[in-house]
Amino acid sequence: MADAETAVEFIPGDLAPGDAKSLELDRRELDVTRVGSGHDPLFVLAYERLWNEFGPLQEMESREVIERRLAWHPATKQGDCWLRYDLVLVRRQGQFIAVRDHTAIVTDKRGSPQAVVHLSHVLVDVEWRRTGLAGWLRAWPVQTARARLVAAGFPPASPITLVAEMEHPDPQMPNRLNRLAAYEKAGFKKVDPAAVNYFQPDFRPPGEIDACDGPRPLPFGLILRRVGREQEQVILGAELRQIVECLYRMYGAGFREQDMAVVWRGLREYPGEDVEIPLVAPTR
Ligand SMILES: CC(C)(COP(=O)(O)OP(=O)(O)OC[C@H]1O[C@@H](n2cnc3c(N)ncnc32)[C@H](O)[C@@H]1OP(=O)(O)O)[C@@H](O)C(=O)NCCC(=O)NCCS
C-alpha cells in the first residue's frame, strides 16, 4: 500500500473548476515522486530544473534554504503554524517532465483551523504544456493541505486556500501573461492590486543583503484559489491578513528576522478587517 506521507494521487475532486481538461490526460506512464530530502538522488534533478528556470530571475531560494525546508519532514512548528514543504517531481521513463514545490501552512490561530498552501514554483517541460498536466500540478497542493490538517488533528474539510505570488502583468513579457492566463482559466483570482500592495521578502543570501543597503522586497500579485469558494468575488481584509501572515511565517522560518521586518510592517497598511477587497482576473 502506498505510504500516505509520500504517495501523490490523482484525485479528480481536487482539480480547480477550470481544469477539467486534466481528466483526459493519459497518466499511466507518469511517475510522480515526492523528493524526500537533499540527499535524495532525485533532489539534484528537481532543484537544477527549478534553479535554471527561476534562479536568474531572483525567484528561486538557495539550495540550502530548500534543503532546510525538506528537513521539516513531516512538518515543523513555526510560532502557531505547522509547516510542511513538498517538492514533487514528474518523470516518464526516467525523463524529466515537470516539477513543483509548495508549502502547506496549517494554523488555528483565530479559533478555527485552516490551511494555506503557498505555491512556490511550477515548471512543465515545453512538450507537456497545455496537455492537462499543469492542472494536476495545481491540484496536488490540496492533497498536501488535507494531510497536514489531519496530522495536526484538524478536520480535513477545514478551509484550504492555495496562494501563488505572481509578477504583475506586463504586455512586454508574454510569458508572464501566459502563466497568468493559465491560472485564470483554472479559476484562480487575484487580490485587487489597486487595493493591496503585497511584497515578497528578499530572497538573496544574507551576505548580499548586507552588502547592499538592506533587504529589498519585491512587489507581486496574490493569486488565490479558495477551494470550494472559487466563485466568490471579494475577500474580507481579515481573511487576507491571515493568508499573508501565513506566508510571512513560512518565510520567517528560513529568512532572518531583520530581513522580514520590512514586509511585516507593510502588512499594517492593509485594508481593515471588515473591508471587502475585490478579487479580479489574474491577467488584469
Ligand atoms: C506556467 C505553466 C506551468 C502553465 O502550464 P501549461 O501546461 O503551459 O498551461 P495550462 O495547461 O495550465 O494552460 C491553461 C490555459 O492557459 C492559457 N495558456 C497557457 N499557455 C498559453 C500560451 N502559451 N498562449 C496562450 N494561452 C496560454 C490557455 O488558455 C490554456 O488553456 P488551453 O490550453 O485549453 O487553451 C507552464 O507554462 C510553465 O512551466 N511555464 C514556465 C515556468 C512558469 O512560468 N511557471 C509559473 C510560475 S511559478
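Residues numbered from 1 in each chain as written. Predicted model: local features only at pLDDT ≥ 70, side-chain atom pairs only at ≥ 80, totals over all residues. Heavy atoms only, no water.

1. With respect to the overall build of the chain
Helix and strand counts for the chain come out as seven helices and eleven strands. Compactness check: the chain gives a C-alpha radius of gyration of 18 Å against a globular reference of 19 Å for 284 residues, within 12% of the reference. Along the first, second and third principal axes, the C-alpha atoms of the chain reach 50 × 45 × 45 Å. Here the chain holds 284 residues, and 50% of them are scored as buried. Taking the intrachain contacts of the chain between residues at least 6 apart in sequence as the baseline, contacts between residues at least 24 apart amount to 70%. Of the accessible surface of the chain, which amounts to about 13400 Å², a share of 51% is contributed by carbon and sulfur atoms. In the chain, the 36 positive side-chain charges and the 41 negative ones have mean positions that sit 2 Å from each other. (Helix = DSSP H or I, 4+ residues; strand = E, 2+ residues; numbered from the N terminus. Rg over C-alpha atoms; globule rule 2.2 N^0.38 Å. Buried < 20%, exposed > 50% of the residue type's maximum accessible area, 1.4 Å probe, protein only. Contact = heavy atoms within 4.5 Å. Areas by Shrake-Rupley, 256 points an atom, 1.4 Å probe, with all protein chains shown as cover. Lys, Arg positive; Asp, Glu negative; His and termini not counted. Charge placed at Lys NZ, Arg CZ, Asp CG, Glu CD.)

2. Some details on the packing of aromatic side chains
Working definition: an aromatic ring pair is given by the centre-to-centre distance plus the angle between the planes. The tally for this structure, following the rule as stated, stands at ten aromatic pairs. With centroids separated by 5.8 Å and ring planes inclined at 55°, the aromatic side chains of F203 and Y251 adopt a geometry described as tilted. Taken as a pair, F203 in the loop between β8 (198-200) and α5 (206-211) and Y251 in helix α6 (residues 237-252) lie far apart in primary sequence, 48 residues in all. On the numbers, 5.7 Å between centres and 50° between planes, the contact of F203 with F255 is tilted. Here F203 is found in the loop between β8 and α5, whereas its partner F255 is found in the loop between α6 and α7 (257-267), with 52 residues between them in sequence. Among the aromatic side chains, those forming a connected cluster through ring pairs are F10, W136 and W140. The positively charged end of R138 is found above the aromatic ring belonging to Y183, 5.4 Å away from the centroid. (Phe/Tyr/Trp six-rings, centres within 6.5 Å; stacked < 30°, edge-to-face > 60°. Lys NZ or Arg CZ within 6 Å of the ring centre and 35° of its normal.)

3. Brief notes about helix α1 (residues 43-54)
The end-to-end C-alpha separation of α1 is 16 Å, in line with the 16 Å expected for twelve residues at 1.5 Å each. Listing the buried residues of α1 in full gives F43, A46, Y47, L50 and F54. Take α1 and look down its axis: the buried residues cluster within an arc of 90°, on one side only. If you follow the buried residues of α1, they end up packed against α2 (63-70), β3 (81-92), β4 (95-107) and β5 (114-124). (Expected span 1.5 Å × (residues − 1). Arc of directions from axis to C-beta.)

4. Digging into the pattern of salt bridges
One pass over the structure, following the stated rule, counts 22 salt bridges. As a salt-bridge pair, D14 and R146 come within 2.7 Å of each other at their nearest N and O atoms. With D14 in the segment before β1 (30-34) and R146 in helix α3 (residues 133-151), this residue pair connects regions lying 132 residues apart in the sequence. Given the relative accessible area of 24%, R146 is considered partly exposed. Close ionic contact of R91 with D31 constitutes a salt bridge, the shortest N to O distance being 3.0 Å. (Salt bridge = Lys/Arg side-chain N within 4 Å of Asp/Glu carboxyl O.)

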